[in-house]
Amino acid sequence: MGLRLYNTLTRKVEDFKPLEEGRVGIYVCGPTVYGHAHLGHGKSYVSFDVLVRYLRYLGYTVDYVQNITDVGHLTDDADAGEDKIGKQAARERKHPMAIAEYYTRSYFEDMDALNCLRPDISPRATGHIPEQIELVQTLIEKGYAYEVNGSVYFDVSKWPSYGRLSGRNVEDMQAGARVDINEEKRHPADFALWKKAEPGHIMQWNSPWGRGYPGWHLECSAMSMKYLGRTIDIHGGGIENQFPHHECEIAQSEAANGVPFVRTWMHHNMVTVDGQKMGKSLNNFITLKQIFSTHTEHKHERLSRKYDPLAVRQLILQSHYRSPIDFSDAALSAAQSGYDKITNTVKSLRKKIEKIPGKIEETPGSEINEYVKSQLQQNREKFETAMNDDLNTSIALSIIFKIATITNEYINYPGPDKVTKSSLLEIDKFFRNLGGNVLGIIKDEYDQQVESDDIKRYELAIDGIIEWRNEARRNKNFVIADKLRGILGSVGIILEDKPDHTSWRLG
RNA sequence: GGCGGCGUACCCAAGCGGCCUAAGGGGACGGUUUGCAAAACCGUUAUCCGUCGGUUCGAAUCCGACCGCCGCCUCCA
């Protein structure tokens, strides 16, 4: 059985089959770059990163497009157009493009840390104004849009299936709608394709309707069409964008092209912090940089320590992408411990491989251990079954843990089974493939020691103290030995005595 | 008011009609190992899945009611 994905459009898990054999086009709604990326971005892009990675693992060629919104999203749909980037630009007294550039770089930096593969194309909205204008023109020509006083609106009454994706109908939405009445619109549900620029609006362009800027749903339609064609296999985004954003995308794209816009709609669920929606006003808004930073002055007050970016990734993968996830210091800390366990295992596995000299064919008893072989085989199948079932990363991850336990058992307590280099390499291959290439929580290389410059400077001293302590241990002077361990421990350095040497790590 | 989701051990979380006397992680406790630790390994930690009814030979899984929580309906990942 192949990959099956939940499709919001049909509310069912369906067999996944791309339009073109062996090739998948994916468009994911990217960030609006007016601030540092937060936990919500983390969940979103890790989720879709795993989708892309798994599709590639299955042998598909994937065209992954994720936009960068550097203009156009206003604070509301009705009018009162305040561009969030413009707002931030005013606050920081910088050019809007400088703001967009700065936070775009910051975003990529954080996504790299989370081990998310870069999209194949990261199109900027401002780089596609002509395409957007063209799309608006098409919609006007086909009678789906109308111009009023320099602004252009999509006529929802011309598109009966509006609301299908989100399970709403235009009438129901009237009652509790918080959208202000806009005099220009023929119907309150009509949405802006192009807005006339008020004199003070910083970002604006020439158009057939005068100076203005694009409406907030338009860029995704224009750019996905340009890079992936009129019908795309998968469109992903946050569940909060189901309505109105994705609904509007469908309407304008299909009205313009006359063909289905998206075959599979995927929506991930939201993030809460300590059980509450994450929001700037609630003081529980946590950026990824605040979690990753070693510098205590940047730390968020709800966090007790810094966490490894890949531990955050692991926490995200521990639950399903369609489930909400609650971040708390306790959850982060538990994920960090679990992440450390896997990392420790992989590190000691690789150390062990290095210690067995020679090429495989020269190593005596180089055959793969039968038990190891069957376990890897079995668990690979389970892993694929889990991932095929709408990306059940929680189970996939549990299989990595299972193999970690088997690995430790095999290395440390081989019993009658001989530890062979081939077996160890086979296990490492499993980790690199499933834990690394697919889940992205196992690195191909781990730094020898800590990256932090502060620690690096003291490495010699640390090694010296360890040497001193081992001399004491050899002389059975355990009082001194324990005292030295205590001193290192008090600055967060934890020692591990191995049969032949002592290693250290930061606790 | 409309739409959607969730409630599983001390915490996180998978399971969505029989393989469940319920994965996996964290924590706690006990053991092996260790000079002692750390790491690792082994074991224990839910006869039960918010509550009450129903459907079924059989339900955590389906249906109904109720209680509690959350999200969307305004930009948001």
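The rules we used
Residues numbered from 1 in each chain as written. Chains lettered and ligands numbered in written order. Predicted model: local features only at pLDDT ≥ 70, side-chain atom pairs only at ≥ 80, totals over all residues. Heavy atoms only, no water. Salt bridge = Lys/Arg side-chain N within 4 Å of Asp/Glu carboxyl O. Helix = DSSP H or I, 4+ residues; strand = E, 2+ residues; numbered from the N terminus. Buried < 20%, exposed > 50% of the residue type's maximum accessible area, 1.4 Å probe, protein only. pLDDT = per-residue confidence, 0-100. Contact = heavy atoms within 4.5 Å. Phe/Tyr/Trp six-rings, centres within 6.5 Å; stacked < 30°, edge-to-face > 60°. Lys NZ or Arg CZ within 6 Å of the ring centre and 35° of its normal. 1 Å grid on protein atoms, 1.4 Å probe; cavity = no way out; pocket = protein on both sides within 12 Å on 5 of 7 lines; lining within 4 Å. Points joined across faces, edges and corners; volume = space filled by probe spheres on them. Pairing = 2+ DSSP bridges. Axes fitted to C-alpha atoms, helices over the stretch in contact; angles between N-to-C directions. Core = buried A, V, L, I, M, F, W, Y, C linked by side-chain atoms within 4.5 Å. Domains from an automatic or database assignment. Buried area = accessible area lost by both parts, 1.4 Å probe.

### Some remarks on the pattern of salt bridges
Then, in step 1: Throughout the structure, instances matching the rule amount to 27 salt bridges.
Then, in step 2: Residues Asp428 and Arg432 are paired through a salt bridge, measuring 2.8 Å at the closest nitrogen-oxygen approach. A residue pair is termed a helical-turn pair when its members lie 3 or 4 positions apart in one helix, as Asp428 and Arg432 do in helix 13 (residues 421-438) at four residues.
Then, in step 3: A relative accessible area of 6% means that Asp428 is categorised as buried.
Then, in step 4: Here Arg432 and Asp444 are joined by a salt bridge, their closest N and O atoms 3.3 Å apart. With Arg432 in helix 13 and Asp444 in the loop between helix 13 and helix 14 (453-474), this residue pair connects regions lying twelve residues apart in the sequence.
Then, in step 5: The exposure class of Asp444 is partly exposed, given its relative accessible area of 42%.
Then, in step 6: If you follow the salt bridges from partner to partner, you end up with Arg350, Asp428, Arg432 and Asp444 in one network.

### With respect to the confidence of the model for chain A
Then, in step 1: Per-residue pLDDT for chain A averages 89, and the proportion of residues at 70 or more is 92%.
Then, in step 2: The secondary-structure element of chain A with the lowest mean pLDDT is helix 5 (residues 170-176), recorded at 58, while strand 4 (residues 61-66) shows the highest, at 97.
Then, in step 3: Counted against residues more than four places away or in other chains, residues 75-81, with its pLDDT under 50, gives 17 contacts.
Then, in step 4: The low-confidence segment residues 175-179, where pLDDT is below 50, has one contact with residues more than four positions distant or belonging to other chains.

### Concerning the packing of aromatic side chains
Within a pair of aromatic rings, the relevant descriptors are the distance that separates the centres and the angle that separates the planes.
Then, in step 1: Scanning the entire structure with this criterion turns up 14 aromatic pairs.
Then, in step 2: Look at Tyr107 and Phe108: their rings are 5.6 Å apart centre to centre, the planes differ by 55°, and that puts the pair in the tilted class. By the burial criterion, Tyr107 is buried, and Phe108 matches it.
Then, in step 3: Summarising the aromatic geometry, the rings of Tyr162 and Phe191 are spaced 6.2 Å apart at their centres and angled 20° between planes, so their arrangement reads as stacked. Note that Tyr162 is positioned in the loop between strand 6 (151-154) and helix 5 and Phe191 in strand 7 (residues 191-196), a separation of 29 residues in sequence. Phe191 shares its class with Tyr162; the two are buried.
Then, in step 4: One aromatic cluster in this structure is built from Tyr144, Phe154, Trp159, Tyr162, Phe191 and Phe243.
Then, in step 5: Above the face of the Tyr6 ring, Arg322 is positioned so that its terminal group lies 4.0 Å from the ring centre.

### A few points about empty space enclosed by the protein
The gaps of empty space that remain are located by a probe, the size of a water molecule, rolled over the atoms.
Then, in step 1: Across all of its chains, the model carries two cavities of 30 Å³ or more by this definition.
Then, in step 2: Reported here for the largest cavity is a volume of approximately 100 Å³.
Then, in step 3: What lines the largest cavity is a set of 15 residues, among which Gln66, Tyr107, Met111, Leu117 and Pro119 lie closest to the centre.
Then, in step 4: Of all elements in the fold, only helix 1 (39-57), strand 4 and helix 3 (96-113) reach the threshold of two or more residues within the lining of the largest cavity.
Then, in step 5: Top contributing element to the lining of the largest cavity by residue count: helix 3, with four residues.

### So, the sheet that holds strand 9 (residues 232-238)
Then, in step 1: The strand order across the open sheet formed by four strands is 4-3-9-10, and the pairing between neighbours is parallel. Both outer strands of the open sheet, strand 4 and strand 10 (262-268), are each paired with one neighbouring strand and no more. Adjacent strand axes in the sheet meet at a mean angle of 20° when their direction is disregarded.
Then, in step 2: Bridge count for strand 9 against strand 10 is six bridges, and the pairing is parallel.

### What to know about the nonpolar core
Then, in step 1: Among the nonpolar cores identified, the biggest contains 84 residues, and Ile26, Leu39, Val312, Phe327 and Leu439 are the most heavily contacted of them.
Then, in step 2: If you look at the next biggest cluster of nonpolar residues, it comprises 23 residues, including Leu139, Cys248, Ala255 and Ala256.

### Focus on unusual backbone geometry
Then, in step 1: Of note, the amide linkage connecting Phe243 to Pro244 takes the cis form, showing an omega dihedral of 0°.
Then, in step 2: Position of Pro244 relative to the elements: it lies in helix 7 (residues 242-257).
Then, in step 3: Even without being a glycine, Asn115 presents a positive backbone phi close to 65°.
Then, in step 4: Within the fold, Asn115 resides in the loop between helix 3 and helix 4 (129-141).
Then, in step 5: When its relative accessible area of 27% is taken as the criterion, Asn115 is described as partly exposed.
Then, in step 6: Backbone geometry places Lys476, a non-glycine residue, at a positive phi of 60°.
Then, in step 7: Topologically, Lys476 is positioned in the loop between helix 14 and helix 15 (478-490).
Then, in step 8: Residue Lys476 is classed as exposed on the basis of its relative accessible area of 62%.

### Focus: the sheet that holds strand 8 (residues 212-214)
Then, in step 1: Pairing within the open sheet is antiparallel, and its four strands lie in the order 5-6-7-8. One side of each edge strand has no neighbouring strand; the edge strands of this open sheet are strand 5 (145-148) and strand 8. In this sheet, adjacent strand axes meet at a mean angle of 20° when their direction is disregarded.
Then, in step 2: Where strand 7 and strand 8 come together, three bridges link them in antiparallel fashion. Within strand 8, the residue paired with Lys196 across the bridge is Gly212.
Then, in step 3: Strand contacts of helix 7: strand 6 and strand 7, with the helix running at about 80° to strand 7, the strand carrying the most contacts.

### Section: the environment of Tyr34
Then, in step 1: Within the element layout of this structure, Tyr34 appears in the loop between strand 3 (23-28) and helix 1.
Then, in step 2: Put simply, Tyr34 and Ile99 are 65 residues apart on the chain and 6.5 Å apart in space, counted from C-alpha to C-alpha.

### Here's the deal with the domain arrangement of chain A
Then, in step 1: Taken domain by domain, chain A holds domain 1 (4-268), domain 2 (289-438) and domain 3 (453-506).
Then, in step 2: A separation of 36 Å is found between the C-alpha centroids of domain 1 and domain 2.
Then, in step 3: Each side of the interface is counted separately: domain 1 has 27 residues, and domain 2 has 29 residues.
Then, in step 4: Considering only the side of domain 1, the residues that lose the most area to domain 2 are Lys43, Tyr54 and Tyr57, jointly responsible for 28% of the buried surface there.
Then, in step 5: At the surface where domain 1 touches domain 2, the tally comes to three salt bridges.

### What to know about the pairing of strand 6
Then, in step 1: Of the two faces of strand 6, the one lined by Ser151 and Tyr153 and the one lined by Val152 and Phe154 are each fully buried.
Then, in step 2: Pairing between strand 5 and strand 6: four bridges, direction antiparallel. Among the inter-strand pairings, Glu147 is bridged to a residue of strand 6, identified as Val152.
Then, in step 3: Between strand 5 and strand 6, which follow one another and run antiparallel, lie two residues, and Asn149 among them has a positive phi close to 50°.
Then, in step 4: By the bridge criterion, three bridges tie strand 6 to strand 7 in an arrangement that is antiparallel. Directly across from Val152, in strand 7, lies its bridge partner Trp194.

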